[in-house]
Every structure is written in structure tokens, then in C-alpha cells.
Amino acid sequence: CDSNISHLMSEIMRILFIIVIKTHCLSPCAGAGGWSPLVSDRYQWLEVDLGRRTQITAVATQGRYGSSDWLTGYLLMFSDTGHNWRQHRQEDSLGAFPGNSNADTVVQYKLKQPVIARYLRLIPLDWNPTGRIGLRLEIYGCQYTSDVANFDGSSSLIYRLSVRPSWSEMEVISLKFKTLKNSGTLLHAEGQRDHSLTLVLEKGKLLSTLARLSSCLLVSLGSLLDDQHWHHVKLERLSTHLNLTVDKNTQQAHVPAELSHWDIHQSHGLQKPILSNRNFHGCLENLLYNDLNLLYLAKKNNHQVSGNVTFSCAEPVSVSATFTDAHSFLQLPGLTTWSSGVVSVALQFRTWNKAGLLLTFDLPQQEVMVWLYLSEARLRLQISGGGRAQLDLSAGSGLNDGQWHSVELNSREDQLSITVDKDEGATAHVSIPLPLTGSQECRNPFRVFQGCMRLLTLDNQPVDLIKVQQRLLGNYSHLQIDMCGIIDRCSPSHCEHGGRCTQSWSTFHCNCSNSGYRGATCHSSTYEQSCEAYKHKGNTSGHYYIDVDGSGPIQPQLIYCDMTEDRTWMVIQHNNTELTPVHSSPERSQHSAHFDYAAGEEQLAAIVSQSEHCEQELSYHCRKSRLLNTPEGAPFSWWLGGPAPGQVQTYWGGALPDSRQCACGLQDNCLDSNHYCNCDADYDQWTNDSGLLTHKETLPVRSLVLGDIQRPGSEAAYRVGPLRCHGDKNFWNAAFFDKETSYLHFPTFHGELNADISFLFKTPSSSGVFLENLGIKDFIRIELSSSSEVVFSFDVGNGPLEVQVETHVPLNDNRWHSVRAERNVKEASLRVDKFPAATQEAPADGHIHLQLNSQLFIGGTASRQKGFLGCIRSLQLNGVTLDLEERAKITPGVRPGCPGHCSSYGSLCQNQGRCVERASGFSCDCGQSAYTGSFCHEEVSASFMSTTSITYTLKEPYELSRNSSALPSSIYSDTTLRGENISLGFRTSQSPALLLYISSFYREYLALLINQHGEDSSPLLSSPLLSSPLLSREANCYAQSQVQRKHGEDFNLTSDVEFNNIKSLILGRVQESDELEAELAGLASLGFTGCLSGVRFNSISPLKAALLHPDSPVIVTGPLVQSSCGSSSPADPYAAETTHSLSDQPSSADPGQPLVNAIRSDSALIGGLIAVVIFVTVSALAIMARFICSRKETYRTQEVKAAQPEDGHEFPFSSQVDCESAPSQNQKEYFI
């Protein structure tokens, strides 16, 4: 069907011009002559009549012979009738076709899909600028035959089988239809038990509905199908699966077993009348059931087919005009009757825009202007005079739905009315006095209309748009006459993951709210792919939405992330994780349990696959209830595990797959050595078989069957714990490129319509290509172009485009930086770290498919130029992680893995926590921190009673006597201190109170206390908020005291005293206070009542050691209870629950940050502010005291009386800072 059919057209070809002044006919001699209109503009065309509907497969163009006249671009239109033209578009919805570059070369374009048409029209767009329009044309194709039937709204066609057909695996119905009506029933098929399947045209869309007692929608497909063009429909049934195809788009649905075949022995109705006003008006062509042509049978009067149709297609002529852009207009002459104020205008329109001017005219006698326009998808009528609005009417709503809407405007004497969609009754009218006074305004205050119009009448006289096209009536510009060029950009929708598509005439928009995705097409996930990724953004334990495949089809799932250990666990709960008892019952021989997980099947499979390790507890507690009936008997119990629906497993927790053992059998320590499970011993006493299932291939546990429960006295209980997985194989997958000429290669990247690429990199180099993939003309590349700029470049056929991000900070600092690039049909974007993203919009009507065919190169290019030096990690393309490590193992110049994560993530370790490198990632060592947790962020706090005492011994007495210079065998490494760093948090209402006491073997001591002045109690002390003093002293300079809440205040004081041979550190009550002065001794004996948190003295954390490390040199007396009293947030039972919400997440929040369900109190906030104000104003009343008493007799030569307290109940206060003049002889100093 690819032969030249030009010779068939010699007698039937017609060449039409808008302005017929000079005609150039095609010469019968090949290659001579050509077509060239007198005027070269975009309003010319060449039309070819092939005499009958023909299958057209290609067209070829050539310039005019012996001239400089040729086309460089053109449009192709097709039609069956010579009216209602349809523009042919290429695969990327491009309308323009490339032409010639000279007059002699033939350029052929093969149509991707053959076009069936009788008429072809070629419209020049561009031509040789030094010549004029010139063309020689060839058309390729073959004859086309078909069977057609016309349905007029009362017609029907029914097909019945005389015998019941044998059941078949697949059945197919296919047809073509065309119609001007947007509603009607195309097909109705009946099955067993009153089930029926119907294909219905509804508002230009094809719906497949299933009905029994009530109707339900199976699938909806297509749009704008009421355009009087042929549309192909195919309905395929494969068992209980149904595929519906409309033109090029297919959707799937599931049908019940009663419709697993059409059961045509009852009836198969085509256009069977259901509702008279819903019957189909239009034509059907080539109606096939499997390979049976039903229209041919009807034409031959086959007894199985009955109906009242005509076997031709009635083609009503409806001439439309398309207003394509902001320059489109149609000007028509007014009628003489309008001078009297009697006006009647009617038209139909369709558009996607909410606003646009439909028509305007003036009434000279009344000196007014009339404006009929769309605003907010409603029709509005405005009559103005004198420069101000005199009348404003509105009618209709939602008129930008792409459907045809009718409008009638009638003015009679003193009454004016507008009617929208008359059949639906949307009418507005008003009585007005005419004429309206004022001067005429000649400006357009409204947006221009973009859309289609048809059936335009003035005073009930139709406007002949063909005459307008031929310049015989009115005037126009930028119109496409005799066609409606509306395009539904939301069918099929480019919005992914449930994003809602809306559109205007020239573009579309995706609403991604509540979808969990973002971007112009809702392509990129808002959430991380694992708990590991959340942790390395600084998050702590809580519920997070996990999107295991990123931009892939699997939906996000709410999962609990346990980050309390070095490992980060993903915990997937199911419907029964508790220990569940099973009682004996003679009525049943088995007990079964099914487990429904919080995550879906796809999420479960992906989580297990990408995790390094998964485990699930499986426990069975028994008394006279056997489990696996080892060693030889058939198992009484088993479980199903692994990918859905699961496989039968006959081993138990702690054992190996297929071993038919429990953990004790593997360890050879069962109660009865003759059995491999404790429960199989069948003892009349409670025992259990418990352990962890760790083989990912058999996880998760889906159901459990327990068999030996029917005997009298049998008792049992089982527990199946949640599925727990840790280790993200994708997040740490990395490769190190140590040569500029080295690279990794992978199969071609397929991201035709949507492509997202994300990775992390670190490098010392200032430039290098991260990745590149080439096509014949298309390409995609991401590179580091300079030390502070990343460039994302690509070409999809519209010319190269670049998106650049300039960071203004160096990226070659050998620290990890993140890159995320996305390209879709609307735009391209690039983000580097947390810098603002750069975007580049795609051309409105350009190529959209990215077509690549070479290998994907990582870390370099095919030319081995501009290679990358450094590390690339966690490289993902459209949610799929490339295994860089595995490929690097077999590639010279590239090494798997990449160490050195603390330089980037070390800041996550808080409160003196130390970052420790690991093979995959890092961990925080909290050994020298007073805090605990994965980031050393969790305060260690306890409630103290007055009798509570914690003594941390730094050095035993015999060590000092044996060798005074020897270092203690404790974590403390210095016995003589010229500086201290003390930090703690406290909450108490006690005043005065001793917070911390440190003593030495030389009767020196350091005390941190709360002192009360007079009778007042500071709000700081009684506030429920935590106060955090921090003290530090550097040798020969100063000591510093700070109380932190929302704001801090510093007190700088002088000291140059050494603190020698520290013996112990005491929190709470001091048991032995003989070495203290009387005042301080009395205070020490009272102890401390309240909360202490995060206590740290240099590198010692005595409270943490007492609570978490009982093997430390620490002695605890009295009650000590670990609690969360040190938490700086108000007590709230829900505060520990952190959750990412799809609906509640603020748009400005970091997607990696969890939302905390905390109860906020306005009074608490106000109280906190008041407490801060009072603290600032009465800071002298709430003081932190630190003093060192030196009683070394060998060095004491005199007393410095100026340093003695004047009052036994108070300590003097000094805030003067003078390091130079600090007294060097003071053996006793007071810091308040």
C-alpha cells in the first residue's frame, strides 16, 4: 500500500485557491511544472480529491521545477467530505512537517499510521525566503473498502447466535464510529444472570459500564469523540480481564465471571434502544465480532442479524472556525435591522479557557456597545455607554469543559435576554430602557477567545463561513476555517500518580496536592525511599511516608522508622502482633490465622528486596501441643511466607529453610534430643519454640496454621512479630572514579516522556561529566561545568536546551552534594543541594519524546573526554537504582564503594557525639556525650528524691598513695585541671539546692548550686521548663556560667587556680560532708529534689553511667528513676509520634522533616515569655554559684579576706572580667 497514486488523480484532482488569479497545473510529465499561487502567504492551500476514500501511507514534496520556489514547512489536512478538515499530527503532536531545502530534492514523509480519507489539503507554512511558494506533490497509498451503516437515533442492529458458542479464552469486538452528538449508546451485550456490558458515549467520552441490579463504570476513555471524524474502538475480553482501546489509547478493567464470555446465545445488541434520547446518531464502520463482519451479514440479510439501518453514511455539513491565538478575529457586517435595537445572534462554541470575548457589536442609534464574553467559565453580557457599564448579565457555568455550548442573544424593544444551552434551560433576561446614553467605546477590555465556533446566525440567517474563507464576506485573520482544531491535552493525561489535569487552550496543569508527588507532571516523589534516607537528613524515630521506588508506580506507604540503634529499622506492622492464645477444641482440628500488613504487596516486595537484612519473630508457646512433629511425622503446623500468595514453610523461627527444625534443633539443645523442636516433646508443661526468621525469600509471614490443638489439655499461644528490615542497598551504592578516562556503562535509558535522575557526588575536581546518553539527534547529559555550577542539558528534537544551577559555594570540597534533574513534557528542572531549583519551560508545540539509543555512560562520555574524578552514589533513574558497585568490580579505573561520610554527615552527631566511619555510612559514638540515641540527641534524665545520691569515683585512694603521678584507670585522664566544662539541665522548685559536687584528695571541691536571696523564689526555679547551666573555665583566664532557656545570659568571672587530684563527682545528696563549711554542708545534706538531665563534666557523664552503664565506677543510693523529665517540650503522650502527612504537610517544609503531633498551649507559650522577661530583670536573684575552696596548708600563707562572704546565707556576686589582674594568690574563690 505504498505505491504512487498520483497517476490515478489526473482526472479527479482539483486545485483550489482562495484567490484564483493565476493557476499552475501539474504537468503529466514527471518532474516538470508545479504549483505556485500568485500570492505567497499562509492563506493558500492545495487540495486533492482522490475520488473515493483511500488509505494514504505517505506524501512526498519537491520544489517547483527550474525555480527557487519550494516549501520549507507545511500542514496536512484530511477530510471525507471536503469539509470538516482534520489536521494530521506527528507522534509528538507536532502539526508542522519539514519541507524541502531546494527545488530538486524529493522529501518523503511516511505516516506513522495510515490515514483513510478522500480529500487531502496541504497548507504552506514557510517557504524559501528568496523565492515564493512552489510545490510538486506525490501521494502514496492504496484503495480502501469498508462496510458502513447509518444510525439516525431510531435505528438498531441486533445479532443473535442460533447455537450456544463454545467457550473461548479471548473474544474481540472492534468497530469505527463517527458522530456529531456527544452522547449515545454504541453497543449493548448481555451475559448470564442478567449481567450486561454497555459502551456509551457520554459528553464526548466513551464509557464502558457493567450492569446487573445497578450500573457501575468500568473504564472511561477518549475525549472530543463528537467531532464527526472516524474513531477506532476495540473491546478485548481475556478471561475476566477487559481491555478497551479508543484510537491509540488502552485501559484495562476487570469483569465478573458471568461476563467471562459474551454469552451471545441470548442477544448481542448493537445500538439496542435503551433510552430514546440516548440512542446513537452517526455511522458505524467495519463492525467485527472476532473475525465475523456483522455489517456485511446484515447487508446480506443474514437471519442472525436484524435491524433497520441504511448502509451508507449520512454526512451532515457543519463548518467551524478555530480561533487559534491572540491575533484571531472574525469581522462581519452588521444588519440594518440592528439600528432599531432589534438584535438576534446565535452561535455554538467550545473552549478550554475560562475567559474570552465571544462577540461584540455597537448599536449606533443607541450609542452603546454590546460585549458577550466568558468570565470564570460563565457567560456574561455587558452593555456599556458613556465609558461605564450600564448593564451586566450572566448565565451558565462550567462552560470551559471542551463541549459544544449554544448561545442565543435576543433584544426586543425594552427586553434583552441571553440563553445558554437552551435544552438545559440556562437563561437570563432583564427589562432595560433603550437607548442608553453615552459615547461609543472602541476598545476590547476582555481577553481574546481561543476555541471553536460554528452555526453562527444573525437574525436567524446563517453565516456562510466558506464565503468568509474565500474573502467574499467580512474579514478575518489567524483563523482556521472549516475545521475545529481543539485538542484535549488531558486525554491521555500526562499527570502521573493520580495528579488532576486541568487545561487551557494552549497548555495543561497538574494539581499534585494530596498525591505525595510534585513537579509539573506529579512525577517526583515528595518522600524518601527508605528510613535510612530519612535518618541521614537528621530525622529521628517516627512514622514516615516511604516511597520505595521514588517516581515509580508504587504508592507511598506510612511506615514506622526505628532509629534508636546504629541500624535504622523499617517496621511494618500487621493486624496481630500480640501473643495470641489458642485453646483446645474437639470441634476443630486446626487453627488458622491470616496477617494483613500495613503496607501493600508491591511495597512489601520492594522493601524486602532493597533491604540488606529482614527479620520477623515467630514464636509458639505450647503445653501438650506438638508443632512440626519431628523428626519423621507429617508436620502438624506450618506457615505461608514469601511473595504473594506465599509458599508453605515447615521450619520455625531460628532455623534454616526446608530444615523442618526449630531453633533448638539447629543448636542441638532441645528438651528431648529425639526431636528438633521443644514442643514436639509433647510435655505436659509449658515450653516454647521461638526465634527469628531471617531469610528474605520466605518473608513476610502471611498466614499460620496450627494443627495439634484438638486434644484435651492441649494449650498453645503464638506470636508473629512485625516485619523488620534494615540497610538500604540503594542509598549507599557508590563507585569511585580515579581516572578521567574511566567510566561505567549501562543499557540505554528509557525516559521518553518523563525522566528524573538523582544522585550524590563528591569530588576534588572542578569539572567532569556525571552521565551522558546519546541518540541519533537527541541526547541527555549532566555535568559539573565549574567548581560551583552544575549543568543539565538535553535535546528532544527542538534543539539543545540547558538548565544551570550556580551555587556560589564550591562543590569540589570533597563533601557529598545532591543533584536532582527532571525533564517532562512541560519543563526541565535542576536542583543542587538545597539551592533554589532552576527550570526551563518546554516549547508549547514541540517534540516531546526523548529518543536515545546508545549506552548510558556514568562518570564519563563515549569520547572519554571531560571524565569525572570522585565518587557517585545512589544514582537513580526514574526510581530505579543503578548498581554502580557491581559494575565497578569489573571495570578498570573504577572502584566499588566510597568511604569518607563523616565530612558530610558528621554534623548530625550532636552534644559531643563523635562521627565514626563505616563501610556503608557512618554512626555516632556517644561514649563521651551525656546524651544517647542515634545522633546523641536524646537526653538522659532522671527524677531525684531528697535521699538520692549518685557518686562517680574518678580515682581510688590506693592509686594516689601508690603513685601520685600515675593516671587513674578510668575514663578520666587528668588529675590536675586548669579548666573545666560542666553542663547539665535541671527542673526543680527547691531553693537553695545543690546541683553538683566534685571533691579532690586535697580537700578542694567544686560545687554548683542554686542560691536563694531573701524570701523571693525566682520564676526560673519554679518554671516547668528545663533550665540548662553551662560552666567552663580556661586556665589563667575566666569561668563562664550560662543559663539557657530560650535565651541565655553569660557571667564571666576570673580564676587561675588549679584543681588537683579529683576524687569523685556527686549528684544529689552528699553523704560525707565533713570537708565542707557548715553552710554548704547543711545544703548538701538536704539533697536535691527534681529533675537532672544531660549531666556532663568534661568527658564524664555520671548520670548516663548510673542509668545505662551500671558497670561503671558509680554508686547509686536512694531512689533513682529514669524518666523523660528532661525533655524541653511540654509533657504530651503524643509527642513521640512523628508522622509525615499527605494532607497536613506544609508546602514550605522540608519533605524529610517529620511532623509532630504535639498539643500546643498558648498559655504555656505566654508563660515562657514572661519567665524569660522576669529572668532578665531579676537575674541577680537567680544565680548559678560555683566556688573552689583550697585548703592546702603547705601553700596557704595568708587569707585574702576580701574574698570571704559577708553573710553566712548569701554569697557575694561579681561580674567584672579582668584576666590580667586576676589575683594569683587566692586559694578560695566564689563565682556566683
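Residues numbered from 1 in each chain as written. Predicted model: local features only at pLDDT ≥ 70, side-chain atom pairs only at ≥ 80, totals over all residues. Heavy atoms only, no water.

The name given to the chain in an unreviewed UniProt entry is Contactin-associated protein-like 4, and the organism recorded there is Sparus aurata. The annotation that UniProt attaches to the chain under Sequence similarities (unreviewed entry) is "Belongs to the neurexin family." Listed under Subcellular location (unreviewed entry) in UniProt, the entry text for the chain is "Membrane". (UniProt positions renumbered as here; feature names shortened; annotations may be inferred.)

Attention now goes to unusual backbone geometry. Here the amide bond leading from Thr630 into Pro631 is cis, since omega sits at 5 degrees, within 30 degrees of zero. Among the structural elements, Pro631 can be located in the loop between strand S45 (611-623) and strand S46 (638-641). Backbone torsion omega between Leu699 and Pro700 reads 0 degrees, so that peptide bond is classified as cis. In this structure, Arg471 is a non-glycine residue whose phi angle is positive, near 60 degrees. Looking at Arg471, the relative accessible area reads 34%, which means it is partly exposed. If you check the backbone angles, Asp668 has positive phi at about 60 degrees while not being a glycine. For Asp668, a relative accessible area of 69% corresponds to the exposed category. (Helix = DSSP H or I, 4+ residues; strand = E, 2+ residues; numbered from the N terminus. Buried < 20%, exposed > 50% of the residue type's maximum accessible area, 1.4 Å probe, protein only.)

What follows deals with the sheet that holds S46. Here four strands make up an open sheet; going across it, the order is S44-S49-S46-S47 and the pairing antiparallel. Each having just a single partner strand, strand S44 (591-594) and strand S47 (647-649) make up the two edges of the open sheet. In this sheet, neighbouring strand axes are inclined to one another by 20 degrees on average, regardless of whether the strands run parallel or antiparallel. Sheet topology note: the S46/strand S49 (residues 701-706) ladder contains four bridges and is antiparallel. When the bridges of S49 are listed, Gly641 appears paired with Val701. (Pairing = 2+ DSSP bridges. Axes fitted to C-alpha atoms, helices over the stretch in contact; angles between N-to-C directions.)

Another aspect to go through is the state of the cysteines. Applying the stated criterion across every chain, the model contains 15 disulfides. Note on cysteine connectivity: Cys490 is disulfide-linked to Cys501, with sulfurs 1.9 Å apart. Judged by the sign of its S-S torsion, about -75 degrees, the bond between Cys490 and Cys501 is left-handed. Remark: Cys501 occurs in strand S36 (residues 500-503) and Cys490 occurs in the loop between strand S35 (479-481) and S36; sequence separation between them is eleven residues. On the basis of relative accessibility, which here comes to 17%, the residue Cys490 falls in the buried class. (Disulfide = S-S within 2.5 Å.)

On to the nonpolar core. With 46 residues, the main nonpolar core has Ile546, Tyr620, Trp652 and Leu723 as its most contacted residues. When sequence neighbours within four positions are dropped, the list of residues in contact with Trp652 reads Leu618, Ser619, Tyr620, Leu627, Leu628, Trp639, Gln661, Cys662, Asp689, Leu693, Leu704 and Leu706. If you look at the next biggest cluster of nonpolar residues, it comprises 39 residues, including Leu744, Ala755, Ile782 and Leu830. (Core = buried A, V, L, I, M, F, W, Y, C linked by side-chain atoms within 4.5 Å. Contact = heavy atoms within 4.5 Å.)

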